Every structure is written in C-alpha cells, then in structure tokens.
Amino acid sequence: MRLKDFNIVYQIARTELRVIFYSPVAWLILVVFAVQCGFSFCDVIWPAIKSQSLGYEVQALTGSVFTSGKGIFPVMLEHLYFYIPLLTMGLMSREFSSGSIKLLYSSPVTSAQIILGKYLSVMIYCAVLLGVILVYVGLGALTIGHMDGTLIFSNFLGMYLLICAYAVIGLFMSCLTSYQVVAAIGTLAFLSFLNFIGGVGQEIPLVRDITYWLSISGRSREMINGLICSEDILYFILVSAMFIGFSVLKLLSLIHI
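So, here is what we can say about the structure in this document. (Residues numbered from 1 in each chain as written. Predicted model: local features only at pLDDT ≥ 70, side-chain atom pairs only at ≥ 80, totals over all residues. Heavy atoms only, no water.)

### Overview of the overall build of the protein chain
Reasoning step 1: Along its length, the protein chain carries 13 helices and zero strands.
Reasoning step 2: Taken from the N to the C terminus, the helices and strands of the protein chain come in the order α-α-α-α-α-α-α-α-α-α-α-α-α.
Reasoning step 3: At a minimum sequence separation of 6, the contacts of the protein chain that also span at least 24 residues come to 76%.
Reasoning step 4: By element, 70% of the accessible surface of the protein chain is carried by carbon and sulfur atoms, the whole surface being about 13100 Å². (Helix = DSSP H or I, 4+ residues; strand = E, 2+ residues; numbered from the N terminus. Contact = heavy atoms within 4.5 Å. Areas by Shrake-Rupley, 256 points an atom, 1.4 Å probe, with all protein chains shown as cover.)

Structure follows, in structure tokens:
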C-alpha cells in the first residue's frame, strides 16, 4: 500500500472513530464490559485472598484469576460476541440509510480504502475495549507475586484476534443492508452459530473436523491456555482478509447497479 493510500485509510478511520465515540452505544459497551470484568475479577480474586489470609498456600494464582474456568479471560471470551453487533451495525448501514455513501463514491477513494478505514477504526476501538482488562491486570499485579506476564500476553493476543475477527464479520453484515437493526441481528445470529457449532457432532470424526474449522472462538482457547500457535494466528488473518474481500466486493457491486 502506498503512503497516499494509507493516509486516506487513516483519515477514514479517524472520522469513523469520532462517529463511534460520539455515540452513547460505544460508551455503554465500555461501561458494561468494565463492570462484567469487575464481577469476574472479584469472583476469583476474593476467594484466593481469603484462602491466603487463612494460611492456605495458593498456587498458580495467575492462571486461577485470569485463565481458569471462572477467570476473566475465559468468562469474557464467552460473552465477547454480544458486544460486537452493537458496535458494527452502523459502520456501513448508516452510510446507506443516510445517503452519505454517494459522497464517498464521488470522492477520490476506492471501495477497499473505505472498508479498510472502517475496519481500522473498529480495530482501534477493540484495543481500547480490551484495554479495560489492563486495569484488572494491574490490580492483579499488586496482589499476585511473580505474575506470569507471558500468559497474560497470550490471553490478550487471543482475545484481540478473536474480537477483530468478530468485527470484520459485523462489518460485512453491515454492508448487506441499510437497516442497522437488521445488521445487528444478522451479526449476532452468525456469531452465535460460529460459537456453538464447535460442540456439534463431536462423536463423528468427519463432523468434528469440520466444526473445528468453523468454531472461530475455539481457535483462541489455545492462546487462553498460554499456547500461541502460528496456525491459529494465520486462521484469524485469513478470516479477516476473506470478509474484508467480501465487503469490498459488495461495495463494488453496488457501484455498478
């Protein structure tokens, strides 16, 4: 990508970020996400502190607080796809319904630049959203001796790749309709399917292999457990690239109508 193209993408992303943060929905998502993280953190840290105060030895506290079944990362991973439809429903639907898409078409920008700019803005917002967890990581660092930083990094990477994959799917759904509610419902239905398909037909080898590839959230669970696999990272990159391509093709088809 040339520097000029990158500047255009950056300007689109910057404009979209302003729109996102002017919306009360973005701030509501941040507040709800922070509260849910707080409840998850308290549910695991207080029993550990209580046990330690009673003289019991607490081992692998980093894993217990952040990566165990009730830890922050697994709990937030299960509910992550509920936040994305509200965030992405207006990315392109708003442009279609307001007619501002015609201004974009008449300006010297390409469909790929529009999509990449929109996606970059959501990636930045997702980084801010997951940054909320850093507050609780900091609190954990004050309470947990010799906290495992590499495990925390692996969890952050897994969740960020997953939420970015969710976001690009939501962006594509937003390209399909001018109604934001329809885009939100479609995104939620599709993400729900991808989350629950991993548990289908596990007793049949062929079906198990197919559902493993379709279960997008299952790809991040290895990183939640502390294992960073290049295959999983490549999977998220390919999924993102594929839906970005679908979104660009959808915009190009609208131009020729």
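### Concerning the packing of helix 9 (residues 149-175) against helix 10 (residues 180-196)
Reasoning step 1: Contact pair helix 9 / helix 10: the axes reach a minimum separation of 9 Å and the direction vectors enclose 140 degrees. With respect to helix 10, the element helix 9 is oriented oblique. Seen from above, helix 9 lies across helix 10 with right-handed handedness. Taken together, the residues of helix 10 that come into contact with helix 9 (itself represented by Tyr166, Ile169, Gly170, Met173 and Ser174) are Ala183, Gly186, Thr187, Phe190, Leu191, Leu194 and Asn195.
Reasoning step 2: Of the residues contributing to the contact of helix 9 with helix 10, the split by class is seven nonpolar, five polar and no charged. (Axes fitted to C-alpha atoms, helices over the stretch in contact; angles between N-to-C directions. Parallel < 35°, antiparallel > 145°, perpendicular 65-115°, else oblique. Left-handed = near helix turned anticlockwise from the far one by under 90°. Nonpolar A, V, L, I, M, F, W, Y, C, P; charged D, E, K, R; others polar.)

### Regarding the side chain of Ser174
Reasoning step 1: For Ser174, the position within the fold is in helix 9.
Reasoning step 2: Polar contacts involving the side chain of Ser174 include one to the main-chain amide nitrogen of Met92, which spans 2.8 Å.
Reasoning step 3: If sequence neighbours within four positions are ignored, Ser174 has contacts with Thr88, Met89, Gly90, Leu91, Met92, Ser93, Phe96 and Ala183. (Polar contact = N/O pair within 3.5 Å; in protein donor to acceptor, adjacent residues only side chain to side chain.)

### Comments concerning the pattern of salt bridges
Reasoning step 1: Tallied over the entire structure, the rule returns three salt bridges.
Reasoning step 2: With a shortest N-O distance of 2.5 Å, Glu95 and Lys118 are connected by a salt bridge. In this pair, Glu95 sits in helix 6 (residues 93-98) while Lys118 sits in helix 8 (residues 111-143), placing the two residues 23 residues apart along the sequence. Note on accessibility: Glu95 and Lys118 belong to one class, buried.
Reasoning step 3: Because the salt bridges share partners, they merge into one network encompassing Glu16, Arg94, Glu95 and Lys118. (Salt bridge = Lys/Arg side-chain N within 4 Å of Asp/Glu carboxyl O. Buried < 20%, exposed > 50% of the residue type's maximum accessible area, 1.4 Å probe, protein only.)

### Some thoughts on helix 9
Reasoning step 1: The end-to-end C-alpha distance of helix 9 is 39 Å, a good match for the 39 Å that 27 residues give at a rise of 1.5 Å each.
Reasoning step 2: When you tally the buried positions in helix 9, you get 22 out of 27 residues, the bulk of the element. (Expected span 1.5 Å × (residues − 1).)

### Notes on the nonpolar core
Reasoning step 1: Of all hydrophobic cores here, the largest spans 66 residues; its most connected members are Phe33, Met92, Ile133, Met159 and Ile216.
Reasoning step 2: Top element by residues in this core is helix 9. It accounts for 15 residues.
Reasoning step 3: If near-sequence neighbours (up to four positions away) are discounted, Ile216 is found in contact with Leu162, Ala165, Tyr166, Ile169, Leu194, Tyr235, Phe236 and Val239. (Core = buried A, V, L, I, M, F, W, Y, C linked by side-chain atoms within 4.5 Å.)

### Focus: the packing of helix 8 against helix 9
Reasoning step 1: Between helix 8 and helix 9, whose axes approach to 9 Å, the crossing angle comes to 145 degrees. Judged by the twist between their axes, the crossing of helix 8 over helix 9 is right-handed. Across the interface between the two elements, Ile115, Lys118, Tyr119, Val122, Met123, Cys126, Ala127, Leu129, Leu130, Ile133, Leu134 and Val137 of helix 8 pack against Ile152, Phe156, Met159, Tyr160, Ile163, Cys164, Ala165, Ala167, Val168, Leu171 and Cys175 of helix 9.
Reasoning step 2: Each residue belonging to the contact of helix 8 with helix 9 can be placed in one class, and the counts come to 22 nonpolar, no polar and one charged.

### Examining a nonpolar patch on the surface
Reasoning step 1: A contiguous nonpolar surface patch, about 350 Å² in accessible area, is contributed by Met242, Phe246, Leu249 and Leu252.
Reasoning step 2: Topologically, Phe246 is positioned in helix 13 (residues 230-255).
Reasoning step 3: We classify Phe246 as partly exposed; its relative accessible area is 36%. (Patch = residues over 30% accessible without salt bridge, like charges linked within 9 Å, V, L, I, M, F, W, Y side chains within 5 Å.)

### Let's talk about the packing of aromatic side chains
Reasoning step 1: Under the defined criterion, the tally for this structure stands at 10 aromatic pairs.
Reasoning step 2: Taking 6.2 Å as the distance between ring centres and 65 degrees as the angle between the ring planes, the aromatic pair formed by Phe190 and Phe243 counts as edge-to-face. A residue pair is termed long-range when its members are at least 10 positions apart, and Phe190 in helix 10 and Phe243 in helix 13 qualify at 53 residues.
Reasoning step 3: The exposure class assigned to Phe243 is buried, which follows from its relative accessible area of 9%.
Reasoning step 4: Aromatic rings pair up to connect Phe172, Phe190, Phe243 and Phe246 into one cluster. (Phe/Tyr/Trp six-rings, centres within 6.5 Å; stacked < 30°, edge-to-face > 60°.)

### Considering helix 10
Each turn of an α-helix holds 3.6 residues, which means side chains three or four residues apart point in the same direction.
Reasoning step 1: With 17 residues, helix 10 ought to run about 24 Å at 1.5 Å a step, and its terminal C-alpha atoms sit 24 Å apart, in line with that.
Reasoning step 2: All of the buried residues along helix 10 are Ala183, Ala184, Thr187, Leu191, Ser192, Leu194 and Asn195. Along the axis of helix 10, the buried positions cluster into a sector of 160 degrees, meaning they face one direction only. Residues Val181, Ile185 and Phe196 are exposed on helix 10 and point more than 90 degrees away from its buried face. (Arc of directions from axis to C-beta.)

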